[in-house]
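Each chain is listed here by its residues.
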Amino acid sequence: MDKISGKVVVITGASSGIGEATARLLASRGAKVVLAARRVERLKTIVEEILQSGQHAAYTAMDVTNRESVEQGKNAALTQFGRIDVWINNAGLMPLSYLDKLHVEEWERMVDVNIKGVLFGMAAALPVMMEQQSGHIINISSVAGHKVGMGGAVYSGTKFAVRAITEGLRQEVSGRYHIRATIISPGLVETELLTTITDQDALTALSARVPGQPLRSQSIAEAIAYAIEQPESVSVNEIIIRPTEQV
Ligand code: NDP
């Protein structure tokens, strides 16, 4: 049997891009997926399509910057499916900009969604997984969590933070509670994320770093599935995936 089959997987930021592709792939492999995001109409449509294929899915409204909202989403997942095997902190923003443009509100939003959102997700999932004495937390970082490009200082800062937090999580919880921790670090993926960039100079600098085709969300979903499908004794700590031409 597929090792993903029957697992309950919560995915934040599942209304588009990587999160949506991951929800669809894991559901097709027998997981019970819970899609979380703010745009519930989109979640509803995706979940209806998954259910029509005879697979298992539910959705919950969630703003990851609001701890109460994340806790409510967690409770909705538990009510629906009774346990949580995998929690994927995927929700994120990437409004790249040069620091001297002082897009301070965008800096704040990135810190709130990309860092605090991941922490709130972990705070929701950890007690459930500690009680279960099993679980898997997957945090989406980026190639920008390994190196800083022009216009990417704050975004990179948030994604470096995601890698640091996930590594700390791995060291602290894997032995004591049998909880696996995985970092997924994609290069450029063709999603709606690019539409959050308002600084043209930053967009130009990004295009220079990735001259060829970006990745498809499906490739990231497959990397996530690989980490989940390993035996419980195998913890995939990080996967980095770049488009072939990305510098
Ligand atoms: P999308 O813009 O397609 O998806 C982002 C998702 O995050 C949406 O579903 C959005 O849902 C959700 N989101 C944003 N803010 C919130 C919030 N406050 N609460 C809950 N959900 C929120 O982009 P991607 O699929 O590309 O991004 C997914 C992750 O992948 C991000 O963490 C991103 O940093 C990372 N990544 C992406 C890369 C790329 O090139 N695309 C490269 C490397 C990493 P809604 O608006 O409905 O709430």
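Let us look at the structure shown here. Everything quoted here is computed from the prediction, not taken from an experiment.

### With respect to the site of the ligand
Looking at the ligand, there are 29 residues lining it, with G13, G17, R38, R39 and G92 nearest. Sort the elements by how many residues they give to the shell around the ligand and helix 1 (residues 17-28) lands first, with three residues. Of the residues assigned to the shell around the ligand, the class counts are 14 nonpolar, eleven polar and four charged.

### Looking at the pairing of strand 3 (residues 56-61)
Looking at chain direction, strand 2 (residues 32-37) and strand 3 are connected through six bridges and run parallel. Considered in strand 3, the bridge of V33 is made with A57. Taking the sense of rotation as the criterion, the β-α-β connection linking strand 2, helix 2 (residues 40-52) and strand 3 turns out right-handed.

### Some points on the packing of helix 3 (residues 67-81) against helix 4 (residues 104-132)
Remark: helix 3 packs on helix 4, axes separated minimally by 9 Å, with the N-to-C direction vectors making an angle of 35°. At the point where helix 3 passes helix 4, the crossing takes the right-handed sense. Contacts between helix 3 and helix 4 involve R67, V70, E71, K74 and L78 from the former and F120, G121, A124, A125 and V128 from the latter. Across the contact of helix 3 with helix 4, the residue classes break down as six nonpolar, one polar and three charged.

### Remarks on the environment of V118
For V118, the position within the fold is in helix 4. Residue classification places V118 among the buried residues on the basis of 26 C-beta atoms within 10 Å. Note: C-alpha distance between V118 and N139 (21 residues apart in sequence) is 7.2 Å. With sequence-adjacent residues up to four places away left out, V118 is seen in contact with N89, N139, V162 and I165.

### Concerning the sheet that holds strand 7 (residues 238-241)
Sheet strands pair via backbone hydrogen bonds, and the direction of the pair is either parallel or antiparallel. Sheet architecture is open: seven strands sit in the order 3-2-1-4-5-6-7, paired in parallel fashion. The open sheet has two edge strands, strand 3 and strand 7, and neither has a second partner. Adjacent strand axes in the sheet meet at a mean angle of 15° when their direction is disregarded. One ladder, built from four bridges, connects strand 4 (residues 86-89) with strand 5 (residues 135-140); its direction is parallel. Residue pairing in the sheet places N89 in a bridge with N139 of strand 5. Packed onto the sheet, helix 4 meets strand 1 (8-12), strand 4, strand 5 and strand 6 (179-186) and runs at close to 170° relative to strand 5.

### Points about the environment of V173
Note on placement: V173 falls in helix 5 (residues 153-177). Exposure remark for V173: the 19 C-beta atoms within 10 Å place this residue in the partly exposed category. As a C-alpha pair, V173 and G121 span 52 residues in sequence and 15 Å in three-dimensional space.

### Considerations on the nonpolar core
Ranked by size, the top nonpolar core spans 67 residues in total, and within it V33 and L35 carry the most contacts. In terms of residues, this core owes the most to one element, helix 4, which gives eight residues. Residue contacts for V33: discarding those within four places in its chain leaves V9, I11, A23, L26, A27 and A57.

Analysis parameters
- Residues numbered from 1 in each chain as written.
- Predicted model: local features only at pLDDT ≥ 70, side-chain atom pairs only at ≥ 80, totals over all residues.
- Near = placed C-beta within 6 Å.
- Helix = DSSP H or I, 4+ residues; strand = E, 2+ residues; numbered from the N terminus.
- Nonpolar A, V, L, I, M, F, W, Y, C, P; charged D, E, K, R; others polar.
- Pairing = 2+ DSSP bridges.
- Right-handed = clockwise from strand over helix to strand, strands pointing away.
- Axes fitted to C-alpha atoms, helices over the stretch in contact; angles between N-to-C directions.
- Left-handed = near helix turned anticlockwise from the far one by under 90°.
- Contact = placed C-beta atoms within 7 Å.
- Buried ≥ 20, exposed ≤ 12 C-beta atoms within 10 Å, placed from the backbone.
- Core = buried A, V, L, I, M, F, W, Y, C linked by C-beta atoms within 7 Å.

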